[in-house]
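Spelled out from the first residue to the last, the chains are:
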Amino acid sequence: MATPENFEDQPTDQNSEVTEEHFESEDATESIAQKIEGDYNADQIQVLEGLEAVRHRPGMYVGDNGKKGLHHMFREVLDNGVDEALAGHCDNIDVILYEDGSLSVEDNGRGIPVDMHEKGVSALQIVMTTLHAGGKFGEGGGYKVSGGLHGVGVSCTNALSAWMETTVQRDGKVYKQRYEQGAPVGDVKVVGKAKGTGTKQHWMPDTEVLTHVQYDTHVIKARLREVAYLNPQLKLTFQSKVNADDNEEFKFDRGIVQLVEDINSAYDNVIHKPIYFHRVRQGMEIEVAIQYQTAYNSVVLAYSNNIHQPDGGTHVSGFMTAMTRVINQYARKMNFLKEKDKNFSSDDVLEGMTAVIALKLENPSYNSQDKVKLVTPEVQGLTNSLVGDGLQTYLEENPAVAKRIVDKAMLAQRAREEARKAAEAVKRSNSMDTYGLPGKLCDCVSKDPTICELFIVEGDSAGGSAKGARDRITQAVLPLRGKILNVERARLDKALDNEEIKALIAALGVGIDIHTGRDADVEGEEPLDEKKNGNANFDIGKLRYNKVIIMTDADVDGEHIRTLLLTFFYRYMKPLVEHGHVYLAQPPLYVIKAGANERHYAMTTNERDDIVSNIKKKKPEVLRFKGLGEMNASELEETTMNPEKRKLLQVEYDGARDLEIEMMFSRLMGDKVEPRREFIEKHAREVTNVDWHY
Ligand code: 0RA
């Protein structure tokens, strides 16, 4: 979730500026220029120039030239295989991470065609080297339903790879072609007899154009898991040649019903078994699974052709409209809602709901290239009527469950009214200018938010050190006493009653985003105002600090407070995270003293040992900081706060990873202890920045 500070503040296209400079150095361009001068014809030169453009500005094609781009390269390839499965020709996909850092994806589909294309090159070579060719080339051979994150296709992965090898099994033969930096090295060759059919893509990300080339197995496996939930007929496996403990197989026979159950498995009280609707109509397949639990938060995950839409769209609005309408109708009919009572809003109906909406359709349309919002108009009516009819029948047939769902909405309606008052009170006190700022905030002199930073620190003693170490002009300090409330397990009105949370809200100035789940326009309700993120109580334009920096001790309590703060920001101030305003400070764990003046600081035990072994002259003295409060102001300034010397981590948000994020929050912060213990036991050993022994 975090990247080093040297990329902070740089929007994606500036990131690719970095690449550009890097790439324009002479020797980097030379290799491709030489290839172009070889025995290529005009068409192929054009093709290579297309790939050149991808290498030149990776950000425009795969998001950025760092970790995100690297994983988009994987998604492009995987999604090709998933498209083949969607078309009904493939039921197995194997992903392998190799010791050299390369990655492969193999499917058992029909195999990419290798026959000669009219331009005298093989169809395979065209797919691998032409932007946007994907599976859509040729007459009739392409896909009706297809995903692909940016629709740019596997050629982008090829362009950004030092080398890539494609192996196709088709017509009883094994074919192979190799590419380097996107350019073919030789033709397609027959290398053996095939046992079955399929396609294997194997590539090595190119350090010449990417700043990050190490695949993160969590990201890869999370995507495989997600695809497996969405395609119950498909088995996906992950194998690591680096660490066999990482190997995992994904197959979920019960599809999105199981997904909803698994998201909710960290909550104590689910109200009923998931409700499931399925319909195929007008060349469109719609599936919906819904389950309520008694906790406060809600999760609605929407997909079209296996791609998640973090910003929702017509499928979500159709769904929310139906849910709200039918629950209101039922509550009226049964006289749970009396004549004088207000209708439930979509937010009331959302509370405690976990839902997955999965659509498969031809030619979906999106509001932008990254497919974060679906805009296909027909989808709205179809989802609305499917969910409306289905839910009405369900409520009538299951009156006990229906009653609990209505009760839930009723509680939510009341709490929302309280919360609205509380939010307004916080906002009002906040609008009293500096008088409204919390007493413990030690504010900075400058009022220019673009240069200001807020350090949120744990406890008064750390607060004292931080005040001594800060730059008074641009750095503000807010000490929190003890642990803030876990908002994952508290209702909004209670959260807003918490002193620490009130102080935080007042200091930041943006208000709170109480439409936590609502991302759709719902018929019969006021449309969302996109600029305000759909919420009159939240305004990112009022943010008082460009950087909001969480600075806690490097121990288990510090980690806990950090997690509580991140939960709060994610649930109530998500745009802050989306816009990259949230950072983690990285205070050192150790100071290594060698002689009177020589000092080194280490973040991890490994770093400490490296430093110690490099000090030859005399035995150095090693001290462990028990907390920030133990550091004196100059140590804290030098290691953690001074922008010239510190290393901050920026908290990143990638909507494509929402499922992973939801699973993580519910596991770590939800009611049940068992899923949390399991998670911790599984991952504790991966942690390197915390000293567990003290
Ligand atoms: C279009 C036509 C055909 C196969 C494919 C695309 C195809 C593409 C990919 C990409 C990864 N794995 C794939 N598997 C298949 C062939 C149509 C036919 O055989 O009739």
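Everything below is about the structure shown above.
Every chain's residues receive numbers from 1 upward, in the order its sequence appears when written. For this predicted model, a pLDDT threshold of at least 70 governs which residues receive local features, and a threshold of 80 or more governs which side-chain atom pairs are given and counted, while totals over whole chains, interfaces and linings are taken from all residues. Note: side-chain values were computed over all heavy atoms of the structure, leaving out hydrogens and water.

Right, let's get into the packing of aromatic side chains. Pairing of aromatic rings covers Phe, Tyr and the six-membered ring of Trp, with a centre-to-centre limit of 6.5 Å; geometry is then stacked below 30 degrees between planes, edge-to-face above 60, and tilted otherwise. Under the defined criterion, the tally for this structure stands at seven aromatic pairs. When the ring of F568 is compared with that of F569, the centres are 5.7 Å apart and the planes differ by 55°; the resulting orientation is tilted. Only protein chains enter the accessibility calculation, which uses a 1.4 Å probe; a residue is then buried when its area is under 20% of its type maximum, exposed when over 50%, and partly exposed in between. A relative accessible area of 0% places F569 in the buried class. Taken together, the aromatic side chains of F568, F569 and Y572 make up a single cluster linked through ring pairs.

Two elements, strand β10 (residues 275-281) and strand β11 (residues 284-292), share seven bridges in a ladder whose sense is antiparallel. Paired with H278 across the two strands is E287, which belongs to β11. Strands pair, by our definition, only if DSSP identifies at least two bridges between them. Each helix is a run of DSSP H or I of at least 4 residues and each strand a run of E of at least 2, with the numbering of both proceeding from the N terminus.

Strands belonging to one sheet form pairs held by backbone hydrogen bonds; the direction of such a pair is parallel or antiparallel. The five strands lie next to each other as β10-β11-β14-β12-β13, forming an open sheet whose pairing is mixed. Two strands lie at the open edges of the sheet, namely β10 and β13 (307-308), each paired on one side alone. Strand direction decides the pairing type here: strand β12 (residues 299-304) and β13, joined by two bridges, are antiparallel. Counterpart to Y303 in the pairing with β13 is H308. By definition, residues are in contact when any of their heavy atoms lie within 4.5 Å. Axes here refer to lines fitted to C-alpha atoms; in helices the fit is confined to the stretch in contact. Angles between the N-to-C directions go from 0 to 180 degrees. Along the sheet face, helix α10 (residues 314-333) touches β11, β12 and β14 (353-360) and points at about 135° away from the line of β14.

Oppositely charged side chains may form a pair once their charged atoms are brought near each other. Salt bridge, as applied in this entry: a Lys or Arg side-chain nitrogen positioned within 4 Å of an Asp or Glu carboxyl oxygen. A full pass over the atoms with the stated rule returns 37 salt bridges. For the salt bridge of R223 with E226, the shortest nitrogen-to-oxygen distance reads 3.1 Å. On the criterion of helical spacing, the pair formed by R223 and E226 is a turn pair, its members being three residues apart in helix α8 (residues 217-230). Judged on exposure class, the residue R223 and its partner E226 are both buried. For D389, the salt bridge is made with R279, and the minimal N-O distance between the two is 3.6 Å. Of this pair, D389 sits in helix α12 (residues 378-397) while R279 sits in strand β10, and the two are 110 residues apart along the sequence. For D389, a relative accessible area of 44% gives the class partly exposed. Take R279: its relative accessible area is 17%, and that puts it in the buried class. Linked by salt bridges that have partners in common, R75, D79, R223 and E226 make up one network.

Function cannot be inferred from these measures alone, as they are strictly geometric.
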